[in-house]
Amino acid sequence: MKSRTITYLQTYRSILRLGLPILIGQLGTIVVGFADNIMVGHYSTEALASASFVNNLFNCGIFACLGFTYGITPIVASLFSRNMNEEIGSTMRTALKLNVAFSLAVTLIMGLFYLNVERMGQPEELIPVIKPYFLIYLAGVVPVSVFNVFAQWSYAINNTRMPMWIILGANALNIIGNYMLIYGKWGMPELGLTGAGISTLTARLLSAGLIMGAFMWRKKYAAYASAFLHGKMMRGMKGKLNRTSWPVSVQMALESGSFTFAAIVAGWLGTVELASFQIIVIVGMLGFCLYYSVGAATSVLVANACGLDDRAGMRRIAYGGYHVTLFIGTLSSLAFVFGGKYLISVFTDDTAVLGMTMSLIFPLVLYQLGDATQINFANALRGTSNVMPMLWIAFVSYVIIGSPATYLLALPAGMGVTGIILSFSVSLFFAGGCFAYFFFRSTGEDKSRKGRGTVSGQRDDVSMGCEL
């Protein structure tokens, strides 16, 4: 028992060592999200409601791009555990091409939404505010994807600090830009929500340029950069990346899509309801970003153990990540309960919005445990590269169960925006249970890995990553 306790303590330390820089970077993102919504909310309720609609609509595409980059992590982490530096560089070249193509496709799809924004049932007075902000946001999709391609590489080689510093620097620039451009300070024009969009786009372009520059020109990454530029393409890598990327991308797109649908339904209810929904979602992101940081570290460590075929270690890491995530979830829930009033009041002075948002604290706390569970075990499953079950889990959880629950609780049941937030618990708890089941089923029996080399010193290029 003592030995097991020591082993878990070591696991917690490993998770926190990798996860803490990600967590700090995510906290920086939260601060920017808070600052964006505080500045926009105090500018006008219409601007806050418009930001809610556009941000939640784009979340589906942005999370799809983010999920597509997640296919890189288990492959690179497995290669890293075997010191295969040249293969990592070649993998990154293929990964960048695939992800840029994917993000361009997402940009095209979101462009079609822009052409039909007047037909989506939003309050008419918001359309002139929504449209310019929408176009600026559209220009940032590819830079977000490029940054995350190299962020996943950095996480996979156990360097979580570099993306953290880039995120923090870009976020600081974003806040300053918001102050200048939303309100027209320091000689800049007063642009309102459009100014917030310009500031965010600038920060995203800077982030992508900095992390790609570090990959290409820092001496410690010279082996990766050389193979990226001149190395041979690895046999089967394009297919491998597609197999590990598409299921995670679809899973995250469907999950965020359920939130997008919820934002549209909130818009049907009215401007005050949409503004309240936006505030409670951005407050809830405090929990999500903290869980994500632990989940990302868990995924990397599971992939490292997978590369060594250590199934017991994979299960221990998943349990350890869940313990840490539940602890953080408890702290964030207490913060929402006891500090929710103060968090909400910084976003708006509108008494109607304040009162409605306060009534959403309990539904917010309720879905935190489900969110923590699904994030932990989705990332643990991602670390195994056995990601195909994510497709049907996401479809059932968010399309078959989640979105109908949102509509039924909000409108036919007459619960309004409270019903929308309550519906999140239904889909998140179901998804979390399914992810956990498939992770433990994947790691519970010893099987020969497909494509694994059988002769000492030989490797099959297709078997990059761990498929159990």
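Residues numbered from 1 in each chain as written. Predicted model: local features only at pLDDT ≥ 70, side-chain atom pairs only at ≥ 80, totals over all residues. Heavy atoms only, no water.

**Here's the deal with the overall build of the protein chain**
Line of reasoning, step 1. Helix and strand counts for the protein chain come out as 16 helices and zero strands.
Line of reasoning, step 2. The globule rule puts the C-alpha radius of gyration for 468 residues at 23 Å, and the 22 Å found for the protein chain is close to it.
Line of reasoning, step 3. Its C-alpha atoms put the protein chain at 70 × 50 × 40 Å along the principal axes.
Line of reasoning, step 4. A sequence separation of at least 24 residues applies to 83% of the contacts in the protein chain between residues at least 6 apart.
Line of reasoning, step 5. Summed over all atoms, the accessible surface of the protein chain reaches about 18400 Å², with 66% contributed by carbon and sulfur.
Line of reasoning, step 6. When the 31 basic and 20 acidic side-chain charges of the protein chain are each reduced to a single mean position, those positions are 15 Å apart. (Helix = DSSP H or I, 4+ residues; strand = E, 2+ residues; numbered from the N terminus. Rg over C-alpha atoms; globule rule 2.2 N^0.38 Å. Contact = heavy atoms within 4.5 Å. Areas by Shrake-Rupley, 256 points an atom, 1.4 Å probe, with all protein chains shown as cover. Lys, Arg positive; Asp, Glu negative; His and termini not counted. Charge placed at Lys NZ, Arg CZ, Asp CG, Glu CD.)

**Focus: the packing of helix H3 (residues 72-81) against helix H6 (residues 141-156)**
Line of reasoning, step 1. Their axes nearest at 8 Å, the elements H3 and H6 cross at an angle of 35°. H3 and H6 meet at a crossing whose hand is right-handed. Contacts between H3 and H6 involve Ile72, Thr73, Val76, Ala77 and Phe80 from the first element and Val149, Gln152, Trp153 and Ala156 from the second.
Line of reasoning, step 2. Residue composition of the contact of H3 with H6, grouped by class: seven nonpolar, two polar and no charged. (Axes fitted to C-alpha atoms, helices over the stretch in contact; angles between N-to-C directions. Left-handed = near helix turned anticlockwise from the far one by under 90°. Nonpolar A, V, L, I, M, F, W, Y, C, P; charged D, E, K, R; others polar.)

**A few points about the packing of helix H2 (residues 45-70) against helix H5 (residues 127-139)**
Line of reasoning, step 1. Viewed as axis vectors pointing N to C, H2 and H5 meet at an angle of 35°, and their least axial separation amounts to 10 Å. With respect to the hand of their crossing, H2 and H5 are arranged in right-handed fashion. Judged by residue contacts, Ala47, Ser50, Ala51, Phe53, Val54, Asn55, Leu57, Phe58 and Ile62 of H2 engage Val129, Ile130, Tyr133, Phe134, Tyr137 and Leu138 from H5.
Line of reasoning, step 2. Grouping the constituent residues of the contact of H2 with H5 by class yields 13 nonpolar, two polar and no charged.

**With respect to the environment of Pro404**
Line of reasoning, step 1. Tracing the sequence through the fold places Pro404 in helix H15 (residues 389-410).
Line of reasoning, step 2. Placed 143 residues apart in sequence, Pro404 and Phe261 show a C-alpha to C-alpha distance of 9.9 Å.

**Focus on H3**
Line of reasoning, step 1. Most of H3 sits inside the fold, with eight of its 10 residues counted as buried.
Line of reasoning, step 2. Here H3 has its buried residues at Ile72, Thr73, Pro74, Ile75, Val76, Ala77, Ser78 and Leu79.
Line of reasoning, step 3. Where H3 is buried, its residues meet H2, helix H4 (85-115), H6, helix H10 (237-269), helix H11 (271-307) and helix H14 (361-383). (Buried < 20%, exposed > 50% of the residue type's maximum accessible area, 1.4 Å probe, protein only.)

**Some thoughts on the packing of aromatic side chains**
Line of reasoning, step 1. This structure, assessed with the given rule, holds 26 aromatic pairs.
Line of reasoning, step 2. Between Phe68 and Phe102, the ring centres sit 4.3 Å apart and the planes meet at 5°, which makes this aromatic pair stacked. One end of the pair, Phe68, is in helix H2; the other, Phe102, is in helix H4, and 34 residues separate them in sequence. The pair Phe68 / Phe102 is uniform in exposure class, with both members buried.
Line of reasoning, step 3. Taking the centre distance of 5.4 Å and the plane angle of 80° together, the rings of Phe68 and Trp246 count as edge-to-face. Within this pair, whereas Phe68 is found in helix H2, its partner Trp246 is found in helix H10, the two being separated by 178 residues in sequence.
Line of reasoning, step 4. Judged by its relative accessible area of 2%, Phe68 is buried.
Line of reasoning, step 5. Classification of Trp246 as partly exposed rests on a relative accessible area of 40%. (Phe/Tyr/Trp six-rings, centres within 6.5 Å; stacked < 30°, edge-to-face > 60°.)

**Observations regarding unusual backbone geometry**
Line of reasoning, step 1. Notably, Asn158 is not glycine yet its phi reads approximately 65°, a positive angle.
Line of reasoning, step 2. For Asn158, the position within the fold is in the loop between H6 and helix H7 (161-183).
Line of reasoning, step 3. By relative accessible area, Asn158 is classed as partly exposed at 25%.

**Thoughts on a nonpolar patch on the surface**
Line of reasoning, step 1. Taken together, the side chains of Phe327, Leu331, Leu334, Val337 and Phe338 present a nonpolar region at the surface, about 550 Å² in accessible area.
Line of reasoning, step 2. Classification of Phe338 by relative accessible area gives exposed; the value is 66%. (Patch = residues over 30% accessible without salt bridge, like charges linked within 9 Å, V, L, I, M, F, W, Y side chains within 5 Å. Salt bridge = Lys/Arg side-chain N within 4 Å of Asp/Glu carboxyl O.)

**Considerations on the environment of Arg315**
Line of reasoning, step 1. Structurally, Arg315 is set in helix H12 (residues 311-345).
Line of reasoning, step 2. Judged by its relative accessible area of 26%, Arg315 falls in the partly exposed class.
Line of reasoning, step 3. For the pair formed by Arg315 and Val417, sequence separation is 102 residues and the distance between their alpha carbons is 39 Å.
Line of reasoning, step 4. With near-sequence residues (within four places) excluded, Arg315 lies in contact with Phe439, Phe440, Thr443 and Gly444.

**Here's the deal with the side chain of Ser403**
Line of reasoning, step 1. Its place among the elements puts Ser403 in helix H15.
Line of reasoning, step 2. Sequence-distant contacts of Ser403, defined by excluding residues within four places in its chain, comprise Ser258, Phe261 and Tyr398.

**Comments concerning the side chain of Thr325**
Line of reasoning, step 1. Structurally, Thr325 is set in helix H12.
Line of reasoning, step 2. For Thr325, a relative accessible area of 1% puts it in the buried group.
Line of reasoning, step 3. Setting aside residues no more than four positions away along its own chain, Thr325 makes contact with Tyr291, Val294, Ala372 and Asn376.

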